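Here is how the chains run, residue by residue.
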Amino acid sequence: MTWREISTIDEWNTLLAQSGERGQVILKHSTTCPVSANALSEYEAYLKAAPNPDVDYTLVKVIESRPVSNQIAEDLNVKHESPQIIYIKDKAKYWSATHWAVTKAHMTAVLD
């Protein structure tokens, strides 16, 4: 399974609406941060294994798509951090983790 990238507020609004029907996981990723690079590797490792098929997986680049990243923080009432993974269900944050807590093992425990 793979992730898709969103970069517009409209894409974010669609994804948030879809969370009413299907779980959504978003990784907020900084392309300039080594900790974020590690989180992306963990995210991809989870997706290469046996990810939950009932969830959609998305990536937001926080520098390149700052307005989207900020809107996510505002809409879900979560402090912006990066790297940050957020699991959304029913248009609300269900779970999130940041920095070194973004691991394949942590994702597996929550999502599976």
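Residues numbered from 1 in each chain as written. Predicted model: local features only at pLDDT ≥ 70, side-chain atom pairs only at ≥ 80, totals over all residues. Heavy atoms only, no water.

Caption draft 1: Broad picture of the pairing of strand E3 (residues 55–61). Counting buried positions along E3 gives five out of seven residues, so the element sits mostly inside the fold. By the bridge criterion, two bridges tie strand E1 (residues 4–5) to E3 in an arrangement that is parallel. Across the sheet, Glu-5 pairs through a bridge with Leu-59, a residue of E3. Two elements, strand E2 (residues 23–29) and E3, share seven bridges in a ladder whose sense is parallel. In the sheet register, His-29 faces E3, and the bridge partner there is Lys-61. (Buried < 20%, exposed > 50% of the residue type's maximum accessible area, 1.4 Å probe, protein only. Helix = DSSP H or I, 4+ residues; strand = E, 2+ residues; numbered from the N terminus. Pairing = 2+ DSSP bridges.)

Caption draft 2: Structural context of the sheet that holds E2. Judged by pairing direction, the sheet is mixed, and its five strands sit side by side in the order E1-E3-E2-E4-E5 without closing on themselves. The open sheet has two edge strands, E1 and strand E5 (92–98), and neither has a second partner. Here E2 runs beside strand E4 (residues 84–89); their pairing, made up of five bridges, is antiparallel. Within E4, the residue paired with Lys-28 across the bridge is Gln-84. Helix H1 (residues 9–18) rests against E1, E2, E3 and E4 of the sheet, and its axis sits at about 145° to E2. Where helix H2 (residues 34–48) meets the sheet, its contacts fall on E2, E3 and E4, and the angle it forms with E2 comes to roughly 150°. (Contact = heavy atoms within 4.5 Å. Axes fitted to C-alpha atoms, helices over the stretch in contact; angles between N-to-C directions.)

Caption draft 3: Fine view of the pairing of E5. Sheet topology note: the E4/E5 ladder contains six bridges and is antiparallel. Across the sheet, residue Ile-88 finds its bridge partner in E5, namely Lys-93. As consecutive antiparallel partners, E4 and E5 are separated by two residues, and within that stretch Asp-90 has a phi angle of approximately 50°, a positive value.

Caption draft 4: Fine view of the pattern of salt bridges. If you walk through the whole model with that rule in mind, you get two salt bridges. With a closest N to O distance of 3.6 Å, Lys-61 and Glu-5 form a salt bridge. One end of the pair, Lys-61, is in strand E3; the other, Glu-5, is in strand E1, and 56 residues separate them in sequence. For Asp-56, the salt bridge is made with Arg-22, and the minimal N-O distance between the two is 2.7 Å. Of the two residues, Asp-56 sits in strand E3 while Arg-22 sits in the loop between H1 and E2, which places them 34 residues apart along the sequence. (Salt bridge = Lys/Arg side-chain N within 4 Å of Asp/Glu carboxyl O.)

By themselves these figures say nothing about function.
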